[in-house]
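Report on the structure
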Amino acid sequence: IAIGDLYDAMAGHDDSGASEKKASDFDIPTFSNENMQSNMKVIYYSRTFMSIIGGVIAGILGFTGLMGFIFYFLVMAITSIGLTAKAGFSIHSYFDSWNRIILDGFLGGLLSFVLFWTFAYDIVHIF
């Protein structure tokens, strides 16, 4: 939807030819590469930041083994829900698929999580 079309729809303008379908109504949506890359950067930065914070919290709380990894999956689920809410639950307006917001950056975040998890655990519980 173009901004002009959205504005007309929101302003309550009534076109006399509203019952006729335009050829542009059947077009495949297109995405700007620059905007898509910017959105992906936001996802990667958010996942990395939440992985670091989650790792520090897991280390301070003393999670070990499987409990720490379950905590990581919980943090990533909350991050995915937060990113979806930030997008206004309209994922296809900003990304080409749901996999972008749910799965991208998952393994990179796992490495950051484990690094800060072990670091915080060592500082708090060993030293």
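Fair warning: this is a prediction, and the values are worked out from it, not measured in the lab. (Residues numbered from 1 in each chain as written. Predicted model: local features only at pLDDT ≥ 70, side-chain atom pairs only at ≥ 80, totals over all residues. Heavy atoms only, no water.)

1. Quick word on the overall build of the chain
To keep things clear, this is the line we draw: Think of it this way: any DSSP run of H or I at least four residues long counts as a helix, any run of E at least two long counts as a strand, and we number them from the N terminus. Burial here depends on accessible area, computed with a 1.4 Å probe over protein chains only, as a share of the maximum for the residue type. Under 20% is buried, over 50% is exposed, and the range in between is partly exposed. Here the open area of atoms and residues is found with the Shrake-Rupley method and a 1.4 Å probe, where only the protein chains shown may cover a residue.
Secondary structure assignment for the chain yields five helices and zero strands. Shown N-terminal to C-terminal, the secondary structure of the chain runs as helices and strands in the order α-α-α-α-α. Per-residue burial over the chain gives 24% buried out of 127 residues. Only carbon and sulfur atoms are counted for the fraction: they give 65% of the accessible area of the chain, which is about 9200 Å².

2. Quick look at the UniProt feature "transmembrane region" (unreviewed entry) in the chain
Put simply, the rule reads: UniProt positions are given in the numbering used here, feature names are shortened, and annotations may be inferred rather than shown by experiment.
The positions UniProt marks with the feature "transmembrane region" (unreviewed entry) are residues 42–63, 69–89 and 101–121. For residues 42–63, the helix share is 91%, the strand share is 0%, and the end-to-end C-alpha distance is 28 Å. Across residues 101–121, the secondary structure splits into 86% helix and 0% strand, with the terminal C-alpha atoms separated by 30 Å.

3. Details of the packing of aromatic side chains
Quick note on the threshold: For Phe, Tyr and Trp, rings pair up if their centres lie within 6.5 Å, where Trp contributes its six-membered ring, and each pair is then called stacked (planes under 30 degrees apart), edge-to-face (over 60) or tilted (otherwise).
Tallying each qualifying case throughout the model produces five aromatic pairs. Centre to centre, the rings of Phe69 and Trp117 are 5.3 Å apart; their planes meet at 90 degrees, and the pair counts as edge-to-face. Taken together, the residues Phe69 in helix H3 (residues 66–86) and Trp117 in helix H5 (residues 106–126) connect sequence positions 48 residues apart. Of the residues examined, Phe69 reaches a relative accessible area of 33% and is grouped as partly exposed. Measuring from ring centre to ring centre gives 5.4 Å for Phe113 and Trp117, while their planes differ by 40 degrees; the resulting arrangement is tilted. Note that Phe113 and Trp117 are positioned in helix H5 at a spacing of four residues, about one turn of the helix. Of the two residues, Phe113 and Trp117, neither departs from the other in class, the shared state being buried. Aromatic ring contacts, followed pair by pair, group Phe69, Tyr72, Phe73, Phe113 and Trp117 into a single cluster.

4. Topic: a nonpolar patch on the surface
What counts is decided by this rule: Patches in this entry comprise residues that are over 30% relatively accessible and not in a salt bridge; like charges within 9 Å are linked, as are nonpolar side chains (Val, Leu, Ile, Met, Phe, Trp, Tyr) within 5 Å. Salt bridge criterion: a side-chain nitrogen from Lys or Arg within 4 Å of a carboxyl oxygen from Asp or Glu.
Together, Leu66, Met67, Phe69, Ile70 and Phe73 line one region of the surface with nonpolar side chains, adding up to about 510 Å² of accessible area. Structurally, Leu66 can be placed in helix H3. Accessibility expressed as a relative area gives 63% for Leu66, which makes it exposed.

5. Considering the environment of Phe106
Selection rule: Contacts were defined at the residue level, with two residues in contact if any of their heavy atoms lie within 4.5 Å.
Summarising the element assignment, Phe106 is placed in helix H5. A C-alpha to C-alpha distance of 7.3 Å links Phe106 and Arg47, two positions 59 residues apart in sequence. Beyond its immediate stretch of four places on either side in the chain, Phe106 contacts Arg47, Tyr72, Phe73 and Met76.

6. Focus: H5
Our working definition: What a helix should span is 1.5 Å times the count of its residues minus one. Think of the arc as the fan of directions from the helix axis to the C-beta atoms.
The terminal C-alpha atoms of H5 lie 29 Å apart, and with 21 residues this matches the ideal 30 Å at 1.5 Å per residue to within 8%. Among the residues making up H5, those that are buried are Gly109, Ser112, Phe113, Trp117 and Ala120. Buried residues in H5, looked at end-on, bunch into an arc of 135 degrees, giving them a common side. Of the exposed residues in H5, those oriented more than 90 degrees away from the buried face are Leu107, Leu111, Leu115 and Ile126. Looking at the packing, one finds that the buried side of H5 touches helix H2 (33–61) and H3.

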